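Each chain, written out:
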Amino acid sequence: MAAIEILGLEKTYSVGFWRKKPKYALRPLDLAIEEGEVFGFLGPNGAGKTTTLKLLMGLIFPTAGTARILGMEVDDPKMKAQIGFLPEQPYFYDYLTARELLEYYGQLSGVDPKHRSRKVDDVLQRVGLPQVGGVQLRKFSKGMLQRVGIAQAILHDPRVLFFDEPMSGLDPMGRREVRDLMEQLKHEGKTIFFSTHILSDAEALCDRVAVIHQGELRGVGAVADLTSSVHGKVEVVWQGTAVPASLRALGAECHITGDTVRAVLSEANQDTALEALRRERMRLISVTPVRTSLEDYFIQKLQPGVTVGARA
């Protein structure tokens with residue numbers, strides 16, 4: 001069963017002096033996310049990612065279309081108890097401590113009072129804030145507040161999680177910890193739908209991704225499929241700082257970093273290049289096909305005139 005079903009969801013605003021000009025924040029969107037899947041919703045700023053999440057949360061109302069989460073309509077109170085949400089810029093009562101805030105959210109989300117304190121301790125541990133539960137939120141950094149936001153989203157053990165830019169404001173170590181947490185949640189069977197424009201995070205975490213631009217779905221696919229195609233080029237890496245002239249004659253793009261040289265060239269010239277390195281007695285490190293990256297796919301889908309061949 002699909003955990004999230006989006007059926008023709010659309011959001012249009014009226015703009016201009018007489019409010020007669022339509023602005024499409026989200027064009028009709030059809031999408032399905034399976035249970036237990038980590039799904040990345042990719043797009044540049046202003047693409048419609050946050051609008052989509054707000055529609056799914058019931059924070060704004062659609063112009064047309066509908067959506068179902070766990071088979072229930074988005075305005076069903078029973079469904080609300082099964083989801084967790086981290087907004088892009090969460091605002092908390094900053095004179096509360098992290099523990100007080102989570103106790104409050106635990107009451108709102110119906111966590112059993114007998115186990116609430118233990119659950120608060122558990123989620124503070126999971127997001128890497130076990131030592132600052134008694135500190136007021138006004139003293140927290142942006143990254144620490146982001147972790148508190150994730151803690152409140154997972155406190156009541158929801159089946160489906162919605163994260164809007166979950167890596168925002170985190171340093172590299174914090175991003176790694178959040179990625180590890182999201183992988184743990186996936187192993188627990190949670191469905192995770194998150195928006196981001198940090199493609200390396202999406203490539204590391206997601207089973208599938210969708211690209212949205214100017215409110216329009218541009219493509220959907222499994223990350224493994226999108227990054228499996230080969231460009232017909234190989235990367236040859238060897239130790240040293242010298243580049244044989246015969247390699248440059250093959251049209252290789254060479255980059256020297258420290259005592260290592262990386263050369264990208266046509267796959268048809270691979271054997272000739274390796275023979276040249278043998279003649280020069282260079283120490284070969286690796287030969288790797290150059291594959292399509294998620295960034296390549298993303299940029300391609302943002303180009304004007306790209307045919308929309310998306311499938312849910």
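Residues numbered from 1 in each chain as written. Predicted model: local features only at pLDDT ≥ 70, side-chain atom pairs only at ≥ 80, totals over all residues. Heavy atoms only, no water.

1. Some thoughts on the overall build of the protein chain
Along the backbone of the protein chain there are 11 helices and 14 strands. The C-alpha extent of the protein chain, read off along each of the three principal axes, is 75 × 55 × 40 Å. Counting every position in the protein chain, which comprises 312 residues, the buried fraction comes to 44%. For the protein chain, the share of sequence-separated contacts (at least 6 apart) that also reach a separation of at least 24 residues comes to 67%. Between the averaged position of the 39 positive side-chain charges in the protein chain and that of its 38 negative side-chain charges there is a distance of 4 Å. (Helix = DSSP H or I, 4+ residues; strand = E, 2+ residues; numbered from the N terminus. Buried < 20%, exposed > 50% of the residue type's maximum accessible area, 1.4 Å probe, protein only. Contact = heavy atoms within 4.5 Å. Lys, Arg positive; Asp, Glu negative; His and termini not counted. Charge placed at Lys NZ, Arg CZ, Asp CG, Glu CD.)

2. Considerations on helix H3 (residues 98-108)
Turning to H3, its buried residues number three or more, namely Ala-98, Leu-101, Leu-102 and Gly-106. Burial along H3 is one-sided: seen end-on, the buried residues are contained in an arc of 140 degrees. Across from the buried face of H3, at angles greater than 90 degrees, the exposed residues are Gln-107 and Leu-108. One or two steps after H3, the chain reaches Gly-110, where phi turns positive at roughly 80 degrees. (Arc of directions from axis to C-beta.)

3. Here we look at the sheet that holds strand S6 (residues 83-86)
The mixed open sheet is built from 6 strands, whose spatial order is S6-S7-S8-S3-S9-S10. Two strands close off the open sheet at either side, each with one partner strand: S6 and strand S10 (216-222). Ignoring strand direction, the axes of neighbouring strands in this sheet form an average angle of 15 degrees. Of the strand pairs in this sheet, strand S3 (residues 38-42) and strand S9 (residues 208-213) are connected by 4 bridges, and their pairing is parallel. (Pairing = 2+ DSSP bridges. Axes fitted to C-alpha atoms, helices over the stretch in contact; angles between N-to-C directions.)

4. Focus: the environment of Glu-275
Relative to the elements of secondary structure, Glu-275 occurs in helix H10 (residues 270-279). Judged by its relative accessible area of 36%, Glu-275 is partly exposed. Through-space distance from the C-alpha of Glu-275 to that of Leu-247 is 9.9 Å; in sequence the pair is 28 residues apart.

5. Considerations on the pairing of strand S8 (residues 191-196)
Extensive coverage of S8 is indicated by the burial of 6 of its 6 residues. Neither face of S8 is exposed, since Thr-191, Phe-193 and Ser-195 on one face and Ile-192, Phe-194 and Thr-196 on the opposite face are all buried. Alignment of S3 against S8, held across 5 bridges, turns out to be parallel. Each bridged residue has a counterpart across the sheet, and for Phe-39 the counterpart in S8 is Phe-193. Pairing analysis gives 5 bridges linking strand S7 (residues 160-164) to S8, with the strands arranged parallel. Note that in S8 the partner of Phe-163 across the bridge is Phe-194.

6. Describing the nonpolar core
Of all hydrophobic cores here, the largest spans 44 residues; its most connected members are Leu-42, Val-148, Phe-163, Met-182, Ile-192, Phe-194 and Val-209. Here this core gets 5 residues from one element, more than from any other, and that element is helix H5 (residues 142-154). Discounting chain neighbours no more than four positions away, the residues touching Val-209 are Phe-39, Gly-40, Leu-42, Ala-202, Gly-219, Val-220, Gly-221, Val-223, Leu-226 and Leu-294. Residues Phe-39, Phe-41, Leu-55 and Leu-70 belong to the second largest nonpolar core, which totals 31 residues. (Core = buried A, V, L, I, M, F, W, Y, C linked by side-chain atoms within 4.5 Å.)

7. Structural notes on the packing of aromatic side chains
Two aromatic rings are characterised by how far apart their centres lie and by the angle between their planes. In total, this model carries 7 aromatic pairs according to the counting rule given. Ring plane angle 10 degrees and centroid distance 5.7 Å describe the contact between Phe-39 and Phe-193, whose orientation is recorded as stacked. Placement of the pair is Phe-39 in strand S3 and Phe-193 in strand S8, with a sequence separation of 154 residues. The same class applies to Phe-39 and to Phe-193, which are both buried. Their ring planes at 45 degrees and their centres at 5.3 Å tell us that Phe-41 and Phe-193 sit as a pair that is tilted. Of this pair, Phe-41 sits in strand S3 while Phe-193 sits in strand S8, placing them 152 residues apart in sequence. Of the residues examined, Phe-41 reaches a relative accessible area of 0% and is grouped as buried. Relative accessible area serves as the criterion here: at 0%, Phe-193 is assigned to the buried category. Joined through ring pairs, the aromatic side chains of Phe-39, Phe-41, Phe-162 and Phe-193 make up one cluster. (Phe/Tyr/Trp six-rings, centres within 6.5 Å; stacked < 30°, edge-to-face > 60°.)

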